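Fold and geometry: a report
What follows is each chain in one-letter form.
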Amino acid sequence: MRFSQNGSRSYAFTIALLICATLLVLPSKTQAQADTMPQFQLLILNQDWHDLQLGYKYITAQPNLNAADKSNPLFVIGLEEIESYDWTWQAITLTPDATTRLIEVLPISDKEGVRSLIDLKESLGWGNPLENALYIHSFVVMVNNEMLYGGIFLDPMSQMAIDFPVIRISLVNGQAVLYLLPVHIPFVNYDPFAGAASVDNAINQVVEGDWSQFSDDIKSAFMAFGSTPTAILFRGLIRNTQIKDALLAADKLIETSLTEPPQSY
């Protein structure tokens, strides 16, 4: 009987050791898996559209953005700075802390024409402090330290025919929210082609009254900017599966209803 008890204890002790050994090994495997996950960053560069001579077409903008100095960006949005990333509508909400830090580094442009335009917009009550301060500032999206695409911050009312990605930025409940668009689509707060909601819901409040009076042909002409081959190409890059995997692994990804547009502006 004693031998049996000792044998049982020995067996239980061996099993306990195996369990402990397994638990010790698991974290290293998890870490190894984490190390292989795609890394996502959105860099807000110190240079703007003028500095980098981006022009209006992607064929000029993307090589210049790729060659731009990324070693000392104005601000870095990594996974830690993101509270949530709405994949349906491509809306990035920053954490309160990241929003505060972004506001602290916002530049005031002294370039001829830009400052006067910002002043005019502010006097008319258009836009918001983030949008005005980052007007035509450049950004790049990095995956595993390689540029995937880039563009500029641009407000909905801009008449610049930018044929590469733009970001709308606003404050919602005190937090910065960035909306990624594949190209500049006039008058919209976010990409109306992202979901199934009415295009009318995406129109900025400044032009809502005028928009309602436009004919269907005029509306279609404006929305055609969002259905060009270039827009389709960049919409696909914005929805890169590696970015989605990184967000999912970091528990930052949300996917809201296709028929419910995001809260904006």
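1. Looking at the overall build of the protein chain
Along its length, the protein chain carries ten helices and nine strands. Taken over 265 residues, the protein chain has a buried fraction of 46%. For the protein chain, restricting intrachain contacts to residue pairs at least 6 apart in sequence, the fraction spanning at least 24 positions comes to 65%. Summed over all atoms, the accessible surface of the protein chain reaches about 13700 Å², with 56% contributed by carbon and sulfur.

2. Focus: the packing of aromatic side chains
One pass over the structure, following the stated rule, counts twelve aromatic pairs. Arranged with centres 6.3 Å apart and planes meeting at 70 degrees, the rings of F187 and W211 form a pair that is edge-to-face. Here the residue F187 occupies a position in the loop between strand 8 (175–181) and helix 7 (208–213), and W211 occupies one in helix 7, the gap between them amounting to 24 residues. Exposure class is identical for F187 and W211. Each is buried. On the numbers, 5.8 Å between centres and 70 degrees between planes, the contact of W211 with F214 is edge-to-face. The class of W211 is buried, set by a relative accessible area of 3%. Owing to a relative accessible area of 25%, F214 belongs among the partly exposed residues under this scheme. Here a set of aromatic residues connected by ring pairs shows up, and it is made of F187, W211, F214 and F222.

3. Considerations on the sheet that holds strand 1 (residues 40–48)
Within the open sheet, the nine strands sit side by side as 2-1-5-6-7-8-4-3-9. Their pairing is mixed. Strand pairing shows two members of the sheet lacking a second neighbour, strand 2 (75–77) and strand 9 (253–254), which therefore form its edges. In the sheet, strand 3 (residues 82–86) pairs with strand 4 (residues 91–94) via four bridges, with the strands oriented antiparallel. Across the sheet, the residue bridging to I82 is L94, located in strand 4. Relative to strand 6 (residues 146–153), helix 9 (residues 229–238) is tilted by about 120 degrees, and along the sheet it contacts strand 3, strand 6 and strand 8.

4. Considerations on the pattern of salt bridges
Tallied over the entire structure, the rule returns five salt bridges. R235 is paired through a salt bridge with D191; the nearest N and O atoms lie 2.8 Å apart. On the criterion of sequence distance, the pair formed by R235 in helix 9 and D191 in the loop between strand 8 and helix 7 is long-range, its members being 44 residues apart. The residues R235 and D191 share a single accessibility class, namely buried. Residue D200 is joined to K219 by a salt bridge in which the shortest nitrogen-to-oxygen separation is 3.8 Å. On the criterion of sequence distance, the pair formed by D200 in the loop between strand 8 and helix 7 and K219 in helix 8 (residues 216–223) is long-range, its members being 19 residues apart.

5. A closer look at the nonpolar core
Ranked by size, the top nonpolar core spans 72 residues in total, and within it F40, L42, I44, I152 and L178 carry the most contacts. Among the elements that make up this core, the one with the highest residue count is strand 8 (six residues). With near-sequence residues (within four places) excluded, L178 lies in contact with L42, I77, Q90, A91, I92, L94, F153, I167, R168 and I169.

6. Thoughts on the side chain of S138
Along the chain, S138 turns up in strand 5 (residues 137–143). Judged by relative accessible area, S138 falls into the buried class, the value being 0%. A distance of 2.5 Å separates a polar atom in the side chain of S138 from the backbone oxygen of Q47. If near-sequence neighbours (up to four positions away) are discounted, S138 is found in contact with L43, I44, L45, Q47, D48, L52, L65, G151, I152 and F153.

7. Notes on the confidence of the model for the protein chain
Taken over all residues, the pLDDT of the protein chain has a mean of 82, while the share at 70 or more is 76%. Note on residues 1–34: pLDDT is under 50 here. Beyond four places in sequence and across chains, it has one contact.

8. Structural notes on unusual backbone geometry
Its identity is not glycine, yet I136 carries a phi of approximately 60 degrees, on the positive side. When you line up the elements, I136 lands in the loop between helix 6 (129–133) and strand 5. The backbone of N145 sits at a positive phi, close to 65 degrees, despite the residue not being glycine. Residue placement: N145 occurs in the loop between strand 5 and strand 6.

So, how was this worked out
- Per chain, residues are indexed from 1 in the order of the written sequence.
- Given that this is a predicted model, residues contribute local features only at a pLDDT of at least 70 and side-chain atom pairs are listed and counted only at 80 or more, while totals for whole chains, interfaces and linings are drawn from all residues.
- Think of the side-chain values as coming from all heavy atoms in the structure, minus any hydrogens and water.
- Helix and strand assignments come from DSSP, with helices taken as H or I runs of at least 4 residues and strands as E runs of at least 2, each series counted from the N terminus.
- Per-residue accessibility, obtained with a 1.4 Å probe over protein chains only, is compared with the maximum for each type, and a residue is labelled buried under 20%, exposed over 50%, and partly exposed between these values.
- Any pair of residues with heavy atoms lying within 4.5 Å of one another is described as a contacting pair.
- The Shrake-Rupley method, run with a 1.4 Å probe, gives the accessible areas here. Residue values count only the displayed protein chains as cover.
- When two rings of Phe, Tyr or Trp (its six-membered ring) have centres within 6.5 Å they constitute a pair, described as stacked for plane angles under 30 degrees, edge-to-face for angles over 60, and tilted for the intermediate range.
- Following DSSP output, two strands are said to pair if at least two bridges run between them.
- The axes used here are C-alpha line fits, helices contributing only the stretch in contact, and every angle between their N-to-C directions lies in the interval 0 to 180 degrees.
- A pairing counts as a salt bridge when a side-chain nitrogen of Lys or Arg comes within 4 Å of a carboxyl oxygen of Asp or Glu.
- Within this scheme, the nonpolar core is defined by two criteria: the residues are buried Ala, Val, Leu, Ile, Met, Phe, Trp, Tyr or Cys, and they are joined through side-chain atoms within 4.5 Å.
- Think of a polar contact as two N or O atoms within 3.5 Å of one another; within protein, one of them needs to be a possible hydrogen donor and the other a possible acceptor, and neighboring residues in sequence only count if both atoms come from side chains.
- A residue's pLDDT is simply how confident the predictor is in it, with values from 0 to 100.

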